[in-house]
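Here is how the chains run, residue by residue.
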Amino acid sequence: MADKPVVITDQNTQKSLELPVIAGTEGEPTLDIKQLPSELGYFTYDPGFASTAACTSEITFIDGGKGILRYRGYPIEQLAEHSTFLEVACLLLNGDLPDEAELKAFEHDITYHTMVNERLNNFISGFHYDAHPMAMMAGVVGSLAAFYHDKLDMNDPEHRMLAAKRMIAKMPTIAAACYRYHMGWPTAYPNNSLDFCSRFLNMMFSVPAEPYEVSPVAAKALDLLFILHADHEQNASTSTVRLVGSTGANPYACVAAGISALWGPAHGGANEAVLNMLDEIGDVSRVPEFIARAKDRDDPFRLMGFGHRVYKNYDPRASIIRKACHEVLEDLGKTDPLLDLAMELERIALEDEYFVEKKLYPNVDFYSGIIYKAMGFPVSMFTVMFAIARTVGWVAQWLEQCENPTKIGRPRQVYSGPAERDYVPLEKR
Ligand code: SDX
């Protein structure tokens with residue numbers, strides 16, 4: 001393990017500086033460069049923060065080379081097999097697996113915060129009927145601060161935990177309300193006698209005109225997908241939540257910012273983009289054409305659901321979801337030619353030297369949409385599903401940052417604009 005400082009020497013001044021090495025739990029060495037500007041007068045340049053750690057965190061560990069993902073030290077494969085989404089949420093927020101009483105208390109807290117203020121429906125009805133649900137979610141979640149301003153003392157740990165639980169509990173209610181508004185259906189209220197995923201499915205798909213039976217297969221599959229999407233260390237949307245949180249903004253504003261960041265097709269919006277891409281490819285015979293486009297630097301097309309900033313191996317979540325695809329489709333008595341197409345696309349890509357050399361593998365978004373589609377979710381709701389699950393990671397990371405506050409996030413830049421020049425009067429331009 002690298003624990004001795006790294007010495008750097010400025011060849012222009014022969015001045016040297018010892019940079020301390022911070023070793024993470026798994027020994028991953030990180031240079032502490034805080035003294036660089038004051039001691040050697042240099043900033044560092046790292047567009048996209050590909051080589052920069054913005055914080056220390058005890059929540060999630062990823063080893064991109066080995067395809068390892070752990071929540072609070074527990075391997076994602078074991079949590080996927082044995083845990084539930086709310087147990088994982090409790091683990092991520094509190095740091096360890098709850099005992100039976102703690103889990104029941106946590107489930108109770110989430111269950112009894114599922115309702116939203118009825119006036120929130122006025123926000124939803126203000127949108128055009130065909131508004132994208134992620135646009136609605138970002139707006140409505142940001143407005144929650146207007147309903148809970150009495151419990152927003154960010155210095156009060158109880159207020160912080162209450163806000164965190166409120167958002168975990170209310171995201172499904174808001175998501176379902178956005179979907180039903182689009183469908184022209186009346187709002188369905190949370191049924192607190194149901195578990196988290198069954199309650200959400202009931203709010204999404206029940207109609208007043210007839211009884212609605214939640215499919216236990218769908219509820220179980222959804223719970224698995226929510227576990228897999230719950231957190232992923234300092235991804236773009238979580239980093240956004242932390243950055244907004246570093247200004248002291250309220251947690252609803254932080255999560256609303258996270259929702260907006262997640263929406264991008266390079267991030268959580270990829271699950272929607274994958275289904276659109278598979279629809280566009282249409283048939284296995286056209287796979288080579290799209291693989292060629294993905295490899296063409298002059299073509300902006302990328303293979304959606306492939307590649308990852310950190311994973312240079314198979315995304316462990318994608319392996320689990322791919323396996324679940326077959327099981328869920330079979331259990332639901334459904335088939336989907338897009339699954340066969342996705343698998344053939346994966347097979348061809350992983351035999352292609354471009355993808356092998358650049359270490360591009362399927363990520364969490366490549367197969368998830370096929371399961372959401374089989375459950376009846378429209379493509380436009382796929383990233384909303386991601387947001388419901390990732391709210392747990394966002395609030396867990398926000399709580400961690402509140403407990404160990406960093407300075408306000410404020411990156412620098414390399415200025416490449418014009419040097420100083422004098423104002424030119426209009427008549428002389
Ligand atoms: C998520 O960060 C997280 O943890 C995110 C996430 C989470 O849980 O929060 O895991 C969720 O966002 C998963 C990613 C979903 N996005 C997609 O599936 C969109 C398609 N993928 C890409 O756009 C891309 O792979 C990114 C955005 C995911 C990563 O982009 P990077 O960091 O720029 O990728 P890279 O630097 O590793 O790329 C290496 C090379 C580049 O080519 P060169 O400049 O070296 O010539 O591979 C190319 C990239 O252009 N490349 C692709 C590609 N992904 C990368 N080429 C074709 N198709 C792709 N999908």
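Please refer to the structure placed before this passage.
Just so you know, these numbers come straight off a predicted model, no measurement behind them.

Draft legend 1. Layout of unusual backbone geometry. In this structure, Gln 14 takes a positive phi of about 60 degrees despite not being glycine. Positionally, Gln 14 belongs in the loop between strand E1 (6-10) and strand E2 (15-19). On the accessibility criterion, Gln 14 (52% relative accessible area) is exposed. Within the chain, Lys 359 stands out as a residue other than glycine whose phi angle is a positive 55 degrees. Relative to the helices and strands, Lys 359 resides in the loop between helix H16 (353-357) and helix H17 (365-374). A residue is classified by how much of its surface remains accessible, and Lys 359, at 42% relative accessible area, is partly exposed.

Draft legend 2. Local environment of the nonpolar core. One finds Phe 200, Leu 222, Phe 226, Leu 303 and Phe 377 to be the most contacted residues of the largest nonpolar core, which totals 123 residues. For this core, the leading source of residues is helix H18 (residues 382-403), giving 13 residues. Contacts of Leu 303, omitting those with residues within four sequence positions, involve Met 277, Ile 291, Ala 294, Leu 345, Ala 349 and Phe 355.

Draft legend 3. Inspection of a negative patch on the surface at higher detail. There is a patch of like negative charges on the surface, built from Asp 96, Asp 99, Glu 100 and Glu 102. The residue Glu 102 is located in helix H4 (residues 100-111) in this model.

Draft legend 4. Structural detail: the packing of helix H14 (residues 316-331) against H17. Axis separation between H14 and H17 bottoms out at 8 Å; the angle between their running directions is 25 degrees. Judged by the angle between their axes, H14 and H17 are roughly parallel. Judged by the sense of rotation from one axis to the other, the crossing of H14 with H17 is left-handed. Along its contact with H14, which presents Ala 318, Ile 321, Arg 322, Ala 324, Cys 325, Val 328 and Leu 329, the element H17 presents Tyr 367, Ser 368, Ile 370, Ile 371 and Ala 374. Looking at side-chain class alone, the contact of H14 with H17 contains 10 nonpolar, one polar and one charged residues.

Draft legend 5. Main features of the packing of aromatic side chains. In total, this model carries 18 aromatic pairs according to the counting rule given. Here Tyr 179 and Phe 205 contribute two aromatic rings whose centre-to-centre distance is 5.9 Å and whose plane-to-plane angle is 75 degrees, an arrangement assigned as edge-to-face. Of this pair, Tyr 179 sits in helix H7 (residues 157-183) while Phe 205 is found in helix H8 (residues 196-205), placing the two residues 26 residues apart along the sequence. Residues Tyr 179 and Phe 205 agree in their burial class; the two are buried.

Draft legend 6. Region of interest: a nonpolar patch on the surface. Together, Val 6, Leu 31 and Ile 33 make up an exposed nonpolar region whose accessible area comes to about 200 Å². Here Val 6 lies in strand E1. Val 6 gets classed as partly exposed once you look at its relative accessible area, which sits at 33%.

Draft legend 7. Summary view of the side chain of Gln 401. Secondary-structure assignment places Gln 401 in helix H18. Look past the residues within four positions of Gln 401 in its chain and what remains in contact with it is Arg 242, Gly 245, Ser 246 and Thr 406.

Draft legend 8. A look at the site of the ligand. Close to the ligand lie 25 residues; His 232, Arg 297, Arg 302, Arg 309 and Lys 312 are nearest. Lys 358 is positioned with one of its side-chain polar atoms (N or O) 3.1 Å from an oxygen atom of the ligand. One of the side-chain N or O atoms of Arg 390 is found 2.8 Å from an oxygen atom in the ligand. Considered on its own, the ligand offers 1,100 Å² of accessible surface; in the complex 79% of this is hidden by protein. When its residues are assigned to classes, the shell around the ligand shows 10 nonpolar, seven polar and eight charged.

Reading guide: rules and limits
The numbers attached to residues start from 1 for each chain and follow its sequence in the written order. Per-residue local features are limited, in this predicted model, to residues with pLDDT of at least 70; the limit for side-chain atom pairs, both in listing and counting, is 80 or more; totals at the level of whole chains, interfaces and linings are taken over all residues. Only hydrogens and water are removed before side-chain values are computed, so all heavy atoms of the structure are retained for them. The secondary structure listing takes helices from DSSP runs of H or I that are at least 4 residues long and strands from runs of E that are at least 2 residues long, numbered from the N terminus. Exposed residues in this analysis have more than 50% of their type's maximum accessible area, buried residues have under 20%, and partly exposed residues fall in between, with area computed by a 1.4 Å probe over protein chains only. Nonpolar cores are built from buried Ala, Val, Leu, Ile, Met, Phe, Trp, Tyr and Cys residues. Side-chain atoms within 4.5 Å join them into one set. By the convention used here, residues are in contact when the closest approach between their heavy atoms is within 4.5 Å. Each patch is assembled from residues with relative accessible area greater than 30% and no salt bridge, linking like charges that lie within 9 Å and nonpolar side chains (Val, Leu, Ile, Met, Phe, Trp, Tyr) that lie within 5 Å. Note on areas: Shrake-Rupley with a 1.4 Å probe; residue coverage comes only from the protein chains shown. In the sections that follow, a salt bridge refers to a side-chain nitrogen of Lys or Arg positioned within 4 Å of a carboxyl oxygen of Asp or Glu. Positive charges come from Lys and Arg alone, negative charges from Asp and Glu alone, with His and the N- and C-terminal ends not counted. By convention, the point assigned to a charge is CZ for Arg, NZ for Lys, CD for Glu and CG for Asp. To get an axis, fit a line to the C-alpha atoms, keeping to the stretch in contact for a helix; angles then go from 0 to 180 degrees between the N-to-C directions. For classification purposes, angles smaller than 35 degrees are called roughly parallel, those larger than 145 roughly antiparallel, those between 65 and 115 roughly perpendicular, and all remaining angles oblique. The hand of a helix crossing depends on one turn: near helix anticlockwise from the far one by less than a right angle means left-handed, and clockwise means right-handed. Residue polarity follows a fixed list, in which Ala, Val, Leu, Ile, Met, Phe, Trp, Tyr, Cys and Pro are nonpolar, Asp, Glu, Lys and Arg are charged, and the others, Gly among them, are polar. The rule is short: rings of Phe, Tyr and Trp, with Trp giving its six-membered ring, pair when the centres are within 6.5 Å, and they are stacked under 30 degrees, edge-to-face over 60, tilted in between. Note on terminology: near, applied to a residue and a molecule or strand, indicates that one of the residue's heavy atoms is within 4 Å of it. Within 3.5 Å is the distance limit for a polar contact, defined as a pair of N or O atoms, with the added protein rule that one can donate a hydrogen and the other accept it, and that residues adjacent in sequence qualify only through two side-chain atoms.

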